[in-house]
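Fold and geometry: a report
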Amino acid sequence: MSSYKDIQTAVRVEKFRIWFAWLTGNVILLIIAGVTQHIHIISVITQALLVVGFLLLTFTAVRMSNALNRKAEARRREVLGE
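Residues numbered from 1 in each chain as written. Predicted model: local features only at pLDDT ≥ 70, side-chain atom pairs only at ≥ 80, totals over all residues. Heavy atoms only, no water.

1. Quick notes on the packing of aromatic side chains
Counting across every chain of the model gives 3 aromatic pairs. Pairing Trp19 with Trp22 gives two aromatic rings, centres 5.5 Å apart and planes at 70 degrees, and the pair type is edge-to-face. Taken as a pair, Trp19 and Trp22 lie in helix α1 (residues 4–35) at a separation of 3 residues, close to a single helical turn. For Trp19, a relative accessible area of 34% puts it in the partly exposed group. Ring plane angle 55 degrees and centroid distance 6.1 Å describe the contact between Trp22 and Phe54, whose orientation is recorded as tilted. Of the two residues, Trp22 is situated in helix α1 and Phe54 in helix α2 (residues 40–80); the sequence distance between them amounts to 32 residues. Residue Trp22 is classed as partly exposed on the basis of its relative accessible area, which comes to 22%. Grouped by ring-pair contacts, the aromatic residues Trp19, Trp22 and Phe54 constitute a single cluster. (Phe/Tyr/Trp six-rings, centres within 6.5 Å; stacked < 30°, edge-to-face > 60°. Helix = DSSP H or I, 4+ residues; strand = E, 2+ residues; numbered from the N terminus. Buried < 20%, exposed > 50% of the residue type's maximum accessible area, 1.4 Å probe, protein only.)

That's the geometry; what it means functionally is another story.
Structure below.
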């Protein structure tokens, strides 16, 4: 059976991975938008995709964090016997 500290550590590591992937995805989107900045029609399309990509990445990261929190809370209750 896992200890409470093991669960906390696993949750912290997974949250770091989720938000690091979010940051990396947004940096990649910004780089692509910066490269296409001087091509007018592609720049507009890229900026629209940047906004959509940011929203999707943020929505996904928040949902994954919330799901992880729910699972961690259930495991904590199990470990602590509540």
